[in-house]
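This is what each chain is made of:
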Amino acid sequence: MHRLVLAAHFIITMLGFSGIRLVCMFFELTGLDKFVASSIGAQHGVCVDMEQAIIEFDRQERERLAVSMPPKDITVCQDETFHPETCLVAIEPASNFILLEKYADSRKSTEWTSAMEDAAKALPVKIVQSTSDEGKGIVSHVKSHLGAHHAPDVFHVQYEIVKGTSAVLAGKKKKAEIALSKANEEVERCIKIKEDYQKVQHGPGRPPKFDKQIEAAVQKQQEAQKDLEVCASHQERMKAAVQKIGRVYHPVDLDTGKMKEAEEVSKDLEKCFNEIEMVASEASLLERSLSRIKKAKKVVVDMVATILFFHMSVRAKVEALCLPPEVENAVMDTLIPGLYIERVSKQAKTAEDRRGLYLKACDILGSLHGENNPFNGLTPEDLNLIEKIADECVNLFQRSSSCVEGRNGQLSLRHHSLHRLSNRKLAALTAVHNYFIKRRDGTTPAERFFGNKPKEMFEYLLSRVDLPGRPLCRSS
């Protein structure tokens, strides 16, 4: 009975998006209300006790796991959401562990700094990089207070361009389609007038110059068709150039599997923006559209700096292993690029792209096996250490804060259904995400972040949260 009641609460109110009323309804429909008080007041007490127990579980496990956690450098993804209270959210993307999720008075850099200091307190981690949008508060907090590298979110760069151009180009195309439709109608009208005229006998005199009228209408039709093709071309070229930004913004060439230096990425991004600016010029876009393109282009400097930061950090980590030259070269030129493409393959949009990238990664990593394997002769401990460092290097490059965006969406859905998220509820939801939600491999974010498995949250709740009292006897 105890397990059943707490499981209903945990699933409906903590994992689901509903409140206590549905818990009470569940007890009534199952007949459990004959054994457990199912009033809102009684079940509200259980809900409060459960949330407090979850928060206490988080505190205890964080302290326990932090003791045995090896020191490490981490990247965080940061963003704000509004309920309408400002909620600051920071996630370590490699593990999907929520470091910070709390309400604040504002999103100023001082608020971010204070919140992040509390979140990282007693954790043996050093934040070396933050990926986010270009919000002034976050950028100032990262650069001035954390002393870390700020990596721009490529989505916001692309979104800025799309927001400034897509509606305008689509409008021009729509206008061209309407003009072509009218031109087609005019050609048909002129032809019909000629055909109707020829069906009837007329007296002496010159007939109207139908052929000239039809010729003029056809010429306008051809011009309208050409305008539509140009508008469609502008739209397609802009879309392709924006998508190419995401394609080239990688420290590894996804086609060749070779490392890409910062200069090469800079040239590729410059080509993308040259094409975007050319299309904008040919389409005669207005100043407000051009200003958004310029705003997005300013971030290219930070994007290139992020590639440079990645290469410098990777080189430092690999050199610290003091490996033989042939092994070090294999790690830098083969192992890390192969693992990186393998990671990217899981994030590709289409099944075809995912499969193609995965096969490419398998081909690259497969070259490390065989008689000429540079890792031959290394101990299992050395191999495990090399793989661990290689994984850390791959996870250094974080070009998207989508994990935070997804979390913000979940919080918005919860706020929408419950109308308000208290600080206690928010802290409990954070702990459930970190210690209970599992991936397909059976690991929780906390296990991936700390490197050790946490205790079972639900078993802890069973030991700390009591059943409500029995219902009152009702007179028949």
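Below you will find a few notes about this structure. Keep in mind that what you see is a predicted model, and the values were worked out from it rather than measured.

Conventions adopted
- Residues numbered from 1 in each chain as written.
- Predicted model: local features only at pLDDT ≥ 70, side-chain atom pairs only at ≥ 80, totals over all residues.
- Heavy atoms only, no water.
- Phe/Tyr/Trp six-rings, centres within 6.5 Å; stacked < 30°, edge-to-face > 60°.
- Helix = DSSP H or I, 4+ residues; strand = E, 2+ residues; numbered from the N terminus.
- Buried < 20%, exposed > 50% of the residue type's maximum accessible area, 1.4 Å probe, protein only.
- Lys NZ or Arg CZ within 6 Å of the ring centre and 35° of its normal.
- Salt bridge = Lys/Arg side-chain N within 4 Å of Asp/Glu carboxyl O.
- Expected span 1.5 Å × (residues − 1).
- Bend = angle between axes of the 7 residues up to and from the residue.
- Polar contact = N/O pair within 3.5 Å; in protein donor to acceptor, adjacent residues only side chain to side chain.
- Axes fitted to C-alpha atoms, helices over the stretch in contact; angles between N-to-C directions.
- Parallel < 35°, antiparallel > 145°, perpendicular 65-115°, else oblique.
- Left-handed = near helix turned anticlockwise from the far one by under 90°.
- Contact = heavy atoms within 4.5 Å.
- Nonpolar A, V, L, I, M, F, W, Y, C, P; charged D, E, K, R; others polar.

1. Some points on the packing of aromatic side chains
So, step 1. As enumerated under the stated definition, the model contains 14 aromatic pairs in all.
So, step 2. The interplanar angle of 75° and the centroid separation of 4.8 Å between the aromatic rings of F10 and F436 together place this pair among those described as edge-to-face. Of this pair, F10 sits in helix α1 (residues 2-15) while F436 sits in the loop between α15 (423-435) and α16 (445-450), placing them 426 residues apart in sequence.
So, step 3. F10 sits in the buried class, given a relative accessible area of 2%.
So, step 4. Judged by relative accessible area, which is 27%, F436 ranks as partly exposed.
So, step 5. Counting every residue linked through ring pairs, the aromatic cluster contains F57, F97, Y435, F449, F450 and Y460.
So, step 6. In this structure, K72 is placed above the aromatic ring of F449, and the distance from its NZ or CZ to the ring centre is 4.8 Å.
So, step 7. Lying across the ring of F17, R414 places its NZ or CZ 4.5 Å from the centre.

2. A word on the pattern of salt bridges
So, step 1. The final tally for this structure, using the stated rule, is 23 salt bridges.
So, step 2. Ionic pairing is found between E80 and R107, a salt bridge with its closest N-O pair at 3.9 Å. A residue pair is termed long-range when its members are at least 10 positions apart, and E80 in strand β1 (residues 72-82) and R107 in the loop between β3 (97-104) and α4 (109-120) qualify at 27 residues.
So, step 3. On the basis of relative accessibility, which here comes to 11%, the residue E80 falls in the buried class.
So, step 4. Take R107: its relative accessible area is 46%, and that puts it in the partly exposed class.
So, step 5. Two residues, E282 and R237, come together in a salt bridge whose shortest N-O distance is 2.9 Å. Here E282 is found in helix α8 (residues 262-282), whereas its partner R237 is found in helix α7 (residues 210-248), with 45 residues between them in sequence.
So, step 6. Owing to a relative accessible area of 24%, R237 belongs among the partly exposed residues under this scheme.

3. Remarks on helix α6 (residues 154-198)
So, step 1. Its 45 residues place the ends of α6 64 Å apart at the C-alpha level, agreeing with the 66 Å of an ideal helix rising 1.5 Å per residue.
So, step 2. The largest bend along α6 reaches roughly 35° and is located at V162.
So, step 3. The N-terminus of α6 is capped by D153, whose side-chain oxygen sits 2.9 Å from the backbone nitrogen of F155.

4. Section: the packing of α1 against helix α2 (residues 20-30)
The relative placement of two packed helices is expressed as an angle between their axes plus a distance between the axes.
So, step 1. Packing of α1 against α2 leaves a shortest axis separation of 9 Å and a crossing angle of 140°. Judged on the interaxial angle alone, α2 and α1 are oblique. The two elements α1 and α2 cross, and the hand of that crossing is right-handed. Mapping the contact onto sequence places V5, A8, H9, I12 and T13 in α1 and I20, L22, V23, F26 and F27 in α2.
So, step 2. Split into classes, the residues belonging to the contact of α1 with α2 amount to eight nonpolar, two polar and no charged.

5. Quick look at helix α10 (residues 300-319)
So, step 1. Here α10 is 20 residues long and its end C-alpha atoms lie 29 Å apart, about the 28 Å a rise of 1.5 Å per residue gives.
So, step 2. Restricting attention to buried positions, one finds in α10 the residues V300, M303, V304, T306, I307, F309, F310, H311, S313, V314, K317 and V318.

6. Some remarks on the environment of E101
So, step 1. Within the element layout of this structure, E101 appears in strand β3.
So, step 2. For E101, a relative accessible area of 8% gives the class buried.
So, step 3. Each C-alpha atom of the pair E101 and L429 lies 9.4 Å from the other, and the pair is 328 residues apart in sequence.
So, step 4. Every residue in contact with E101, bar those within four places of it in the chain, is listed here: C87, L88, V89, R407, L411, L426 and T430.
So, step 5. Within the local environment of E101, its side chain forms a polar contact with the side chain of T430, the two groups lying 2.4 Å apart.

7. Brief notes about the environment of M457
So, step 1. Summarising the element assignment, M457 is placed in helix α17 (residues 457-464).
So, step 2. Along the primary structure M457 and K172 are separated by 285 residues, whereas in three dimensions their C-alpha atoms are 57 Å apart.

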